[in-house]
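Listed below are the residues making up each chain.
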There are 2 protein chains.
Amino acid sequence: MQKIAVIGTTSWGITLGVLLGQKGIEIRIWARTEREAAKLRKKGLDQAHFPDIKLPEQILFTSQIDEALDEVDAVILAVPSASMRQNISQAASHLQKSTTVISAAKGLEVGSNKRMSQVILEEINPRYKANICVLSGPNLAREIIQNRPAAAVIASEDKNTARKAQKLLTCQSFCIFTNTDVIGVELGGALKNIIALGAGITDGLGYGDNAKAAFMTRGWTEITALGMALGANPLTFSGLAGLGDVIATCASPLSRNHFVGTELAKGRNITDILESMTEVAEGVNTTLVAHNLAHQLGLEMPITEKIYQILYENADPHQAALELMGGNTRHELAGRRWQLFSLFRQKKRSSITQN
Amino acid sequence: MQKIAVIGTTSWGITLGVLLGQKGIEIRIWARTEREAAKLRKKGLDQAHFPDIKLPEQILFTSQIDEALDEVDAVILAVPSASMRQNISQAASHLQKSTTVISAAKGLEVGSNKRMSQVILEEINPRYKANICVLSGPNLAREIIQNRPAAAVIASEDKNTARKAQKLLTCQSFCIFTNTDVIGVELGGALKNIIALGAGITDGLGYGDNAKAAFMTRGWTEITALGMALGANPLTFSGLAGLGDVIATCASPLSRNHFVGTELAKGRNITDILESMTEVAEGVNTTLVAHNLAHQLGLEMPITEKIYQILYENADPHQAALELMGGNTRHELAGRRWQLFSLFRQKKRSSITQN
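Residues numbered from 1 in each chain as written. Chains lettered and ligands numbered in written order. Predicted model: local features only at pLDDT ≥ 70, side-chain atom pairs only at ≥ 80, totals over all residues. Heavy atoms only, no water.

Engineer: Honestly, the packing of helix α8 (residues 182–204) of chain A against helix α9 (residues 209–229) of chain A in this entry has me stumped. Any pointers?
Structural biologist: Packed helices, taken two at a time, are described by their axes: the angle between them and the distance between them. All names here are of chain A. Remark: α8 packs on α9, axes separated minimally by 10 Å, with the N-to-C direction vectors making an angle of 155°. Comparing the axis directions of α8 and α9 gives the class roughly antiparallel. Once α8 is placed against α9, the crossing between them reads as right-handed. Residue-level inspection shows Leu187, Leu191, Lys192, Ile195, Gly198, Ala199, Thr202 and Asp203 of α8 in contact with α9, the latter providing Ala211, Lys212, Phe215, Met216, Gly219, Trp220, Ile223, Leu226 and Gly227. (Axes fitted to C-alpha atoms, helices over the stretch in contact; angles between N-to-C directions. Helix = DSSP H or I, 4+ residues; strand = E, 2+ residues; numbered from the N terminus. Parallel < 35°, antiparallel > 145°, perpendicular 65-115°, else oblique. Left-handed = near helix turned anticlockwise from the far one by under 90°. Contact = heavy atoms within 4.5 Å.)

What follows is the structure, given as structure tokens:
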């Protein structure tokens, strides 16, 4: 029988565990403490986050890393990006030659500016490099656990790894596509949270769907530019892990990053907002990393810059929005020719987040 | 003083009239009948469509074409696409050398498969060709008349015409960009209604934001492909008149095309739905035209094909959605390489909708 370990009791980790358990895969979910594991074993899922969801019998919660990882076909890392390094380093010695390592985290590491697959590679046996893959796409957990239809992308530099993971993860209502552009798929999933924060601000300010659509269009162009500068294929940003994820996250009140944006627009302080939340809004750290990368690359990212100022320098959201609208160049494609021209000379302009 | 004629008492025509009247431009709105003009003069705006909106003094409603068009700087054609030819042919003899002709319609002509600027050019003095421009973008009328912020694109083959129209139309809350890609701006505004119909169906079926985002992403790719085959610049489809309009129209219950989609998903008959509406849902005709163009060009458009079958062949929306989800190729970018490769050999593969 197939066996998968999920590292992390986040909503996304539990959702993937339930989904895969439902299709008969044996699931081990690794909790940080025995207390948490015991509580999940005894009381089942928290009904506030998972209303009416029953745990399939195939799921075991454990705090023992060896029990979680013993003989598994794949490990899914569904932890906040900030704790990815610590988690994978604990798991590393339990990985085997045949274990697929799937990152399901959508963020970047503060300080190193690195993507999750890069962090993972630094912590595991480098001979297992081809086993690494990343999962991303428009995947609001609460809809997926209700078995509503969704699609995602699994990317690996190794096509066989991607296909193996695709087979493991595909469910009737969860359609998985493969891609070899790991950089693009990871950056799409991470950077879209910056735009979701901004869309939340736009909604919080009551600007309406016209302004929000214009904002999302410009925001998506901006993160595509950063992605390309870091070596991503622009077509990935036009796909599920780029545009698809931007659209779902900006649309949904279920998104934590969108929620942070709406609260900021109401005038609440970022520290207060984050303290009141039970799960991490990755966009807050990602904005910091993207802001640093843009400076290092000499890339203009006016939207990211404004959101950085709102998050880290107490800028007023309404004022920031006015400045963004006023600062437009008046020919639509001006300054965007790079998008066309750089498509074919996509050689990395920088190796900052690359190996 | 500047003077603009608006042809058409559609929501969009009246909205543009009010907006421009508010900034002091003298506005003549041409109504089809004297009865309609007299009613608007006497009773003002229909409060169901325009709650709390007062008409600026600068607006005159008239059924006399010569009164409407006398000495105007610009004519805005805000009529349903199906009646564009009839309207512009009536107005043609009143146009002067200096009159800017702005199409604000977002549709294609059934039968000829032509864009609105092509229809206009066929009906006016060909020496005035450089005066033609088109307005498009994420512009839900009800938000714009409330002075909520929005952005749009004005495109003309003649840069001076575009700049002149930009100056005329720009308002404090309505930001206008210029573009020279008339084909792309027109096709973006028209074809996006096909995706809006589908997004309405997705919402009506209760599929959620993940599925809707995946649908919109694939739909946008599909209409971009058709646009490119017809000579549009793909960057235009990445901008306000393409992606921006897709996002706003698919998001909003204010969209008539989205409404038609949700009603179809509930099992209502298309004839019933259209009969119950007071304004035109352009997407119904546009789907027919796009379907015909795709066949002529040999272009695969699976989403457009399904929506065509739902609208014109009584296909079941739920079944169509299942088939679309099942018919996926499993590598994300498979079949999309054309997007990359055709960027630089963008020479028109067809002149079907071109002059």
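Engineer: What's the story with helix α11 (residues 240–251) of chain B in this structure? I'm lost.
Structural biologist: Think of an α-helix as 3.6 residues a turn; residues three or four steps apart then line up on the same face. Extensive coverage of α11 of chain B is indicated by the burial of 11 of its 12 residues. By the burial criterion, the buried members of α11 of chain B are Leu240, Ala241, Gly242, Leu243, Gly244, Asp245, Val246, Ile247, Ala248, Thr249 and Cys250 of chain B. (Buried < 20%, exposed > 50% of the residue type's maximum accessible area, 1.4 Å probe, protein only.)

Engineer: Would you mind showing me how to read a negative patch on the surface here?
Structural biologist: Taken together, Asp66, Glu67, Asp70 and Glu71 of chain A make up a surface patch of like negative charges. As for its position among the elements, aspartate 70 of chain A is in the loop between α3 (65–69) and β4 (74–77). (Patch = residues over 30% accessible without salt bridge, like charges linked within 9 Å, V, L, I, M, F, W, Y side chains within 5 Å. Areas by Shrake-Rupley, 256 points an atom, 1.4 Å probe, with all protein chains shown as cover. Salt bridge = Lys/Arg side-chain N within 4 Å of Asp/Glu carboxyl O. Lys, Arg positive; Asp, Glu negative; His and termini not counted. Charge placed at Lys NZ, Arg CZ, Asp CG, Glu CD.)

Engineer: What am I meant to see in helix α4 (residues 84–91) of chain B here?
Structural biologist: Residue and element names in this part refer to chain B. Buried within α4 we find Met84, Asn87, Ile88 and Ala91. One face of α4 carries all of its buried residues, which in axial projection span an arc of 90°. Buried positions along α4 lie against β1 (3–7), β2 (26–30), α3 (65–69), β4 (74–77), β5 (100–103) and α5 (116–123). (Arc of directions from axis to C-beta.)

Engineer: Got a minute to help me understand the packing of aromatic side chains in this structure?
Structural biologist: Two numbers describe a pair of aromatic rings. These are the distance of the centres and the angle of the planes. Residue and element names in this part refer to chain B. Tallied over the entire structure, the rule returns five aromatic pairs over all chains. On the numbers, 6.5 Å between centres and 90° between planes, the contact of tryptophan 12 with phenylalanine 174 is edge-to-face. Remark: phenylalanine 174 occurs in strand β8 (residues 174–179) and tryptophan 12 occurs in helix α1 (residues 11–22); sequence separation between them is 162 residues. A residue is classified by how much of its surface remains accessible, and tryptophan 12, at 13% relative accessible area, is buried. (Phe/Tyr/Trp six-rings, centres within 6.5 Å; stacked < 30°, edge-to-face > 60°.)

Engineer: Help me out: how do you make sense of the sheet that holds strand β3 (residues 59–62) of chain A in this one?
Structural biologist: Paired through backbone hydrogen bonds, the strands of a sheet run either parallel or antiparallel to each other. Residues and elements named next belong to chain A. The strand order across the open sheet formed by eight strands is β3-β2-β1-β4-β5-β6-β7-β8, and the pairing between neighbours is mixed. The open sheet terminates on both sides in strands that have one partner only, identified here as β3 and β8 (174–179). Averaged over neighbouring strand pairs, the angle between their axes works out to 25° when direction is ignored. When strand β1 (residues 3–7) meets β4, the two strands line up parallel, connected through four bridges. Bridging across to β4, valine 6 finds its partner in isoleucine 76. (Pairing = 2+ DSSP bridges.)

Engineer: Please clarify how unusual backbone geometry should be interpreted in this entry.
Structural biologist: Backbone geometry follows two general trends: most residues other than glycine have a negative phi, and most peptide bonds adopt the trans configuration. Here the phi dihedral of glutamate 71 of chain A falls at roughly 60°; this positive angle occurs in a residue that is not glycine. Mapped onto the secondary structure, glutamate 71 of chain A falls in the loop between α3 and β4.

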